[in-house]
Amino acid sequence: MLKAALKGLLARKMRLTLAGFAVVLGVMAVSAAMVTTTTIGSGFDSIFASTNADIDVSVSMRSDVDSGIGGKGFTPPVPASAVGEIEKVAGVRSARGQVSVDGARPVGHDGKVISVQGPPRSGVAWHGETGPVRLREGRGPAAADEVAINGGLADRGGFRVGETIDVLTLAPRRSFRIVGIYGYSNGRGSMGGDTQVAFTEPVAQKLMLGASDVYSSVTVTADPGVSRAELKKRVVRALGGTYTVRTGDEVASATAADGKAFLEIVRMVLLGFSGLSLLVGIFLILNTFNILVAQRTGELALMSALGARRRQIIGSVLVEASLVGAAASVVGIGLGIGVSVLLKMVMEANSGTALPVGLIVPVPQLALAFVLGVGVTLVAALLPAVKASRVPPVAAMRASAAEQRSLTRITLLGAVPMVAGIAGVVASLADIGSFRWVALAGGVVLGLFGMALLTPVLSRSLLPALGRLVGWSMPSRLGNRNAARNPRRTAITVSTLVITLGLVGGVSVTAQSMRADLSGNATRDLGADLVISGDGVTARAGGGGIGGPPSAADGRVMPTFSASVIDKARAVPGVSLAVAQYVDTVRLGTGSSPAAAADLSRLSPVLKLKGSPKTPAPGSVVVDTTTLSKLGLHVGGTIHLATPRAGWRDFRIAGSYEATYLLRGPVFNPSEVPGLFVSNAPAIGYVQLSAGADAAAVTRAVSGLVADNPEVTVQDQTQLATEAADQVSIAETMLYVLLGLSVVIGLLGIVNTMALSVLERTRELGLLRAIGMRRSHMVQMVVTESVLMSLFGAVLGLVTGVAAGVAVSKVLGLSALEIPWGSLAVFLGLAVVAGLLAALAPSTRAARVNVLSAIAYE
């Protein structure tokens, strides 16, 4: 049986290659995720371990507010007095205050901010060539207008010693003279691709921490014979619980973890694609082996008649499947390693520095990927194998094609999850708290699964209707009948399209509705004619942005501008009102929340706030009604919250308002901003025009006030709405790319089915040619069958997806529901084109069938 299985495999290698293609892609993605994260992660560990080798203990303040996006938030500065306290601890050899904070954004020669993807843009205090720091050119800064920059920034921006560089920090844009360029003792110009600007210590404290005589951390060196762990315990006992004390090893691990945060995104994307590929691959392999088993019924029956047992027949099919899975997994692992090499090269090119480690191949993880690929193939082939073992030998010897079975059972099996899915979606529309998302997700998954099982019975009514649209000629009608000949086979073939295009349709409807909702909210809630802000700040100020509210010290530094801009804007002819809004993140009992500070007497009419809130007195806040309801609080009571600089404090609730797209969370008195928020500069400015004012002239004048800040722009309501919608478009495009690759795999299923179907009907095709059908008719017949299956799968998938998208939009509470008919029409058109492409090879083979050989074919 083993020899027979191997010979059968060699005879059908091309057909099985197509079936294994999905496994190749899935294993490739898994392998790439494992190799990439291991290699780059090890590189970061090595870089930061060497950088922090001279640190025995590091002391910093405890952060009470995270960034709102799962990362670290602003860490309050350490007072200079703490350095003296630490020096008095037994076992301390030296203690030195350090300033090193993400948020120094250099401006390039083109006037744009130099951006990096992932690594920080740090502003540091220059302490000379200490630790791993080594000057390459020039000297360290000595005056307030001098800086040194690291080699990474010099290479990225093309800067040289003696040139001027502009830097954005917590303060407005300032110009400095570059007096030195430095690198590190390991020969590198940056740590993991970061950029650094080194100021004199007083300037670094003021620009990066917002105060004098403070530090971001204190580096402690131990006396000989005192271990790092022991020194840490002593410092903790001396300082108490208000500080975070870590050993040098812990600092290196934490710093490397921050640098590797973006790797988690890469890993999730690759694993997500892998999951979709393997899911789609199950249907592709299942269909391929189903057709092969149907074509080999005579062969299998002969084996059974000669004494082969059921387990031997099952084993022969599974041997083929395991070999296909093993070969596909090996190819996938090889391609995954190649993808990892490319990703490593891209990262090194983007960061401008090479990793200190070569490619690391984690054998145990790749072995797991291999097992996963083989396992998926075996699971998909199990049902066809069992089916092959149950065919009676005599019946199989009489027929070479799969018998038609009743669809009653599979229809009932599909109706159960479909009804359960509909019930879950309906339940999610009711007010059942957080459980509604569980009900919605379960309902959508069950609905898609049920739709896939109901596809055979739906094909009997839908395929003839769609067939009339595809063509009326005799070859086209034959193609229509061929598509409907075996409903089960057609169903399995298009199931992948139903699922993937269902997800595409759902994403499309949800994204279009979110765009309409965000655009409408951005303009409906706004009474201002112009908005001064940085990219994405307005969308996130009310928690409406994708990814949550930004923090001013978490790597996504919030763009701000000088408060004097608002004062100058009020003096512009044609301006009737200008008001500033300060934005940051606070921590409540429910987690992170956006927060603001503003003169509400001016801001309320601009944002059309309901509730007529007044500017709170110092020590008080005004809170939106949604937050009050969640926390069970009321006006006149007290709210316990943490701000970035002041930590946990109690504030009196002086009033409430209804949250809008542009304002949500606690609102403080503007005079308290320096002691509470990271930045004491406004992030948003609203400008109202006088009646009859020249909008274009006012826009030019206000834009001139922020012309020196490349991070800040002036937008009207239309541009603000477009910016809000663009957030959704970016996420939508990423999902389309991910789902599009799965759709391609689904189309390979149609190619494989058509190729195997043409081979199965060789004698039939020969007879058709014998009675007068031309080659062009043969091509038309096969193309019609392929296009019809693609169109059938696309219609079912998109209808299901639209229903799911409507449900998601309702659960999200979106104010607008829009169906993107144009996009859906494009998807249908692409399905037709895909059907045409899928039919190219099978139709060519059908047209080239030799009549005499085909008639004699058995």
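Above this text sits the structure in question.
Now for a quick tour of the structure.

### Describing the overall build of the protein chain
Piece 1. A count of helical and extended segments in the protein chain gives 28 helices and 23 strands.
Piece 2. Counting every position in the protein chain, which comprises 858 residues, the buried fraction comes to 52%.
Piece 3. Counting only contacts in the protein chain whose residues sit at least 6 apart along the sequence, the fraction spanning at least 24 positions is 81%.
Piece 4. Total accessible area on the protein chain stands at roughly 35900 Å², and carbon and sulfur atoms take up 61% of it.

### Regarding the packing of helix α13 (residues 408-428) against helix α14 (residues 435-470)
Piece 1. Running from amino to carboxyl end, α13 crosses α14 at an angle of 155°, the nearest separation of the two axes being 7 Å. Between α13 and α14, the angle is such that the two are roughly antiparallel. Once α13 is placed against α14, the crossing between them reads as left-handed.
Piece 2. Its residues assigned to classes, the contact of α13 with α14 shows 18 nonpolar, eight polar and one charged.

### Section: unusual backbone geometry
Piece 1. A positive phi is found at Asp-213, a non-glycine position, where the angle reads about 55°.
Piece 2. In this fold, Asp-213 is placed in the loop between α5 (201-209) and β12 (214-215).
Piece 3. Under the relative-accessibility criterion, Asp-213 is labelled exposed at 54%.
Piece 4. Phi is positive for Lys-608, which is not a glycine, with a value near 55°.

### Considerations on the sheet that holds strand β1 (residues 57-61)
As a general point, the strands of a sheet are linked pairwise by backbone hydrogen bonds and lie either parallel or antiparallel.
Piece 1. Strand order in the open sheet formed by four strands is β3-β13-β1-β14, and the pairing between neighbours is antiparallel. Strands at the two margins of the open sheet, each flanked by one partner only, are β3 (92-98) and β14 (243-247). Adjacent strand axes in the sheet meet at a mean angle of 20°, parallel and antiparallel pairs treated alike.
Piece 2. Where β1 meets strand β13 (residues 217-222), three bridges bridge the pair, whose relative direction is antiparallel. Looking across to β13, one finds that Val-59 is bridged to Val-218.

### Some words on empty space enclosed by the protein
Piece 1. Tallied over the entire structure, the rule returns five cavities of 30 Å³ or more.
Piece 2. For the second largest cavity, the full set of lining residues is Arg-105, Leu-168, Thr-169, Leu-170, Ala-171, Pro-172, Thr-560, Phe-561, Ser-562, Ala-681, Asn-709 and Glu-711.
Piece 3. Along the lines of polarity and charge, the residues of the lining of the second largest cavity split into six nonpolar, four polar and two charged.

### Some thoughts on the pattern of salt bridges
Any two side chains of opposite charge can pair, so long as their charged atoms come close to each other.
Piece 1. Under the definition given, this model contains eleven salt bridges.
Piece 2. With a shortest N-O distance of 2.8 Å, Arg-173 and Asp-166 are connected by a salt bridge.
Piece 3. Taking relative accessible area as the criterion, Arg-173 reaches 27% and is therefore assigned partly exposed.
Piece 4. On the accessibility criterion, Asp-166 (16% relative accessible area) is buried.
Piece 5. Its salt-bridge partner being Arg-228, residue Asp-249 comes within 3.0 Å of it at the nearest N-O pair. Here Asp-249, found in helix α7 (residues 248-259), pairs with Arg-228, found in helix α6 (residues 228-239); they are 21 residues apart in sequence, far enough to count as distant.
Piece 6. Judged by relative accessible area, Arg-228 falls into the partly exposed class, the value being 21%.

### Points about helix α19 (residues 600-607)
Piece 1. Those residues of α19 that sit buried are Leu-600, Leu-603, Ser-604, Val-606 and Leu-607.
Piece 2. Where α19 is buried, its residues touch β16 (575-588), β17 (591-598), β18 (620-624), β21 (667-668) and β22 (684-689).
Piece 3. Positive backbone phi, approximately 55°, marks Lys-608, located one or two places after α19.

### Here we look at helix α24 (residues 762-770)
Each full turn of the α-helix corresponds to 3.6 residues, which orients residues three or four apart in the same direction.
Piece 1. All of the buried residues in α24 are Thr-762, Leu-765, Gly-766, Leu-768 and Arg-769. For α24, the angular spread of buried residues about the axis comes to 160°, placing them on one side.
Piece 2. Phi for Gly-772, located one or two positions after α24, is positive at around 120°.

Quick notes on the rules
Each chain has its residues counted from 1, following the order in which its sequence is written. Whole-chain, interface and lining totals are the exception, using all residues; otherwise, since this is a predicted model, local features are given only for residues with pLDDT of at least 70 and side-chain atom pairs are given and counted only at 80 or more. Side-chain measures here rest on the full set of heavy atoms in the structure, leaving out hydrogens and waters. Helix and strand definitions here come from DSSP, where helices need a minimum of 4 consecutive H or I residues and strands a minimum of 2 consecutive E residues; each element is numbered from the N-terminal end. Only protein chains enter the accessibility calculation, which uses a 1.4 Å probe. A residue is then buried if its area is under 20% of the maximum for its type, exposed if over 50%, and partly exposed in between. Note on definitions: a residue-residue contact is assigned when non-hydrogen atoms from the two residues lie within 4.5 Å. In this description, accessible areas are obtained by the Shrake-Rupley approach with a 1.4 Å probe, and a residue is regarded as covered only by the protein chains that are shown. Simply put, an axis is a line fit to the C-alpha atoms, just over the touching stretch for a helix, and the angle between two N-to-C directions goes from 0 to 180 degrees. Orientation is classified from the angle alone, with under 35 degrees giving roughly parallel, over 145 giving roughly antiparallel, 65 to 115 giving roughly perpendicular, and any other angle giving oblique. Take the far helix as the reference: if the near one is turned anticlockwise from it by less than a right angle, the crossing is left-handed, and if turned clockwise, right-handed. Note on residue classes: Ala, Val, Leu, Ile, Met, Phe, Trp, Tyr, Cys and Pro are nonpolar, Asp, Glu, Lys and Arg are charged, and everything else, Gly too, is polar. Strand pairing follows a simple DSSP-based rule, namely that at least 2 bridges must link the two strands. Site definitions follow a grid-based scheme: protein atoms alone, a 1 Å grid, a 1.4 Å probe that fits but cannot get out for cavities, and for pockets an open set with protein on both sides within 12 Å along at least five of seven lines, plus lining residues having an atom within 4 Å of a point. Grid points are joined across faces, edges and corners, and a volume is the space filled by probe spheres set on the points. Definition used for salt bridges: Asp or Glu carboxyl oxygen within 4 Å of a side-chain nitrogen of Lys or Arg. What the arc covers is the set of directions going from the helix axis to the C-beta atoms.

Honestly, that's just the spatial picture; any functional story needs more than this.
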